[in-house]
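# Survey of secondary and tertiary structure
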Amino acid sequence: MSKSSLASAALRYGKLWGRGHESFQKNHRRILSVKGKAENATKYLQGLVTSDLLSEPKAPRTQHDISMEEDSETLPPINFTSKCRSTVFLDQKGRILTDAILWKKTNEEEKDELEYLIDVPNDTADELLQHLQKFKLRRTKVKIDDKSEDVSVHCIYGTLNAEGTPPGYTAALDPRHPSLGLRVLSTTETPGPNSMVTRDDRKEVFGNMMKNFFPEANGSYDVIRKLAGVAEGKEIQGKTALETNQEFLNAVSFQKGCYIGQELTARSQHIGTIRKRVMPIMIVDTNTEIPRPWIIAHKLQEAGLQKLQDGDHEFSGIIDIEGEVPPALPKISAPAIGGMMAMLSGNLALPNVPSSEDGQVGESFEPSEEEKKRMDELRKLSDQICEDLEEHAKPGAKIIDKKDGKTIGQVISSPASGTSVLLAQMRLDEVGLLESDKSKFSMTNKIQIGDSVNEYRYLPYIPIWWPDVDRKSGKELEKKD
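Residues numbered from 1 in each chain as written. Predicted model: local features only at pLDDT ≥ 70, side-chain atom pairs only at ≥ 80, totals over all residues. Heavy atoms only, no water.

Moving on: the sheet that holds strand 8 (residues 169-173). Taken in spatial order, the four strands of this open sheet run 1-7-9-8, and their pairing is antiparallel. Looking along the sheet, the strands with just one partner apiece sit at the ends: strand 1 (20-23) and strand 8. Averaged over all neighbouring strand pairs, the angle between strand axes comes to 20 degrees, with direction disregarded. Bridge count between strand 7 (residues 151-157) and strand 9 (residues 182-187): six bridges; the pairing is antiparallel. The partner of Cys 155 across the bridge, within strand 9, is Arg 183. Relative to strand 7, helix 4 (residues 199-210) is tilted by about 25 degrees, and along the sheet it contacts strand 1, strand 7, strand 8 and strand 9. Packed onto the sheet, helix 5 (residues 220-227) meets strand 1, strand 7 and strand 9 and runs at close to 60 degrees relative to strand 7. (Pairing = 2+ DSSP bridges. Helix = DSSP H or I, 4+ residues; strand = E, 2+ residues; numbered from the N terminus. Axes fitted to C-alpha atoms, helices over the stretch in contact; angles between N-to-C directions. Contact = heavy atoms within 4.5 Å.)

Printed below as a string of structure tokens:
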């Protein structure tokens, strides 16, 4: 795929993360296996997962600003197939046991044999294994194994090309969203030294294969997914599929037949309102100048967002509106929010200034003493915030609005490393995504998190993979003809 083609394709999904690779350790991701005759393995899992194994998965949602009328022949193909899909396992009450990525692997020698490899977070793997064994009856005729020692999971960032993988490797774009990376499996059968027997063997060979194209970037995955607003494993356990956005991540089918936990999921979709969802929020000091996207969101909500979206522009004097009214909150990609964090924390790399029109780099830009002092102050403040959040923003910690002492959200995941971005389950009315006369996002908000005595400001944003949300139901907005 050429650089121009990659750039064109990446526009559909938001800017991709920088080039790099990492191999997941067993204490991060595990691989479970369900194997048997094709019809037996599929029938068994079909009754346990929220996705429909009998149909092709949908492609992840594209950027809204890319015209659907764009000539598809000018864009390179980006393939999403049933060999790799996102899914969720629920308990009998309809609550999440775990999320997972499901790989379908056929046996070249025995065509009627099928194996599903379940790529699952380590912190929920043992519970899932027990869950699988619990529903395995004698007549099920499948074999369930933990293959974490035999199969390794790797990730590559900065590419949309999953084709042409070397012998023994299996690769696919993350089925939830391409910005989460290209996922790769290697096994003990993968060609290599000592038949790739150990995880260290496979990691070393994969690293040597990648190093000239995608440098080692260990720890990137957790940062990327948190900045992108994707929660997983224990973070979402015990919650419902819809309040953790699993339908937005193509992990839930509302057309398939019965499965464990279906009743609550179906009722949530077809009846009532989704009043809270998991979303990313950036925490800043109360004296920090608010970035423009949140100023616009505040003014839109104050002006009466629903009236503006319905075409009533009587408030146009409050904020300059050109064309389509922006969403209730900023829609931001993981790289963009990372850039904002760098700016707010004084950690932006200083640019080199071209010395002439030919673009040759001249002397590096040297900031003034005042600018250096300001950057140092920002770094110190950022470090203090990160240290405080690391101590107090634990999963389960309440987010309290200082205005009225009301709980407006709950932390479900500690901050992404080196940032003040949390994943939290937020009340949608408090962030302006659910219609309310009393509650809306305010750029002058003040909150406390957990038992911290410090006051902060929270800046919520919409991940780029979210659809437009109906402000009456909290669900995906149905498109009007």
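If you trace the backbone, Ser 473 turns up in the segment after strand 19 (462-463). Look at Ser 473 and you get buried, because its relative accessible area is 16%. Once you skip the residues sitting within four places of it in the chain, Ser 473 turns out to touch Thr 273, Ile 274 and Leu 434. (Buried < 20%, exposed > 50% of the residue type's maximum accessible area, 1.4 Å probe, protein only.)

Bringing the confidence of the model for the protein into the picture now. Averaged over all residues, the pLDDT of the protein equals 85, while 83% of them reach at least 70. A low-confidence stretch, residues 1-6 (pLDDT under 50), is modelled with ten contacts involving residues beyond four sequence positions or located in other chains. Below pLDDT 50 for its whole length, residues 65-72 participates in four contacts with residues either more than four positions away or in separate chains. (pLDDT = per-residue confidence, 0-100.)

Relative to the assigned elements, Asp 99 resides in strand 4 (residues 96-106). Using a relative accessible area of 4% as the deciding quantity, one classes Asp 99 as buried. Those residues within four positions of Asp 99 in sequence are excluded, and the remaining contacts are Thr 87, Val 88, Val 120, Pro 121, Arg 176, Glu 232, Gly 233 and Ile 236. At 2.7 Å, the side chain of Asp 99 and the backbone nitrogen of Gly 233 are in polar contact. (Polar contact = N/O pair within 3.5 Å; in protein donor to acceptor, adjacent residues only side chain to side chain.)

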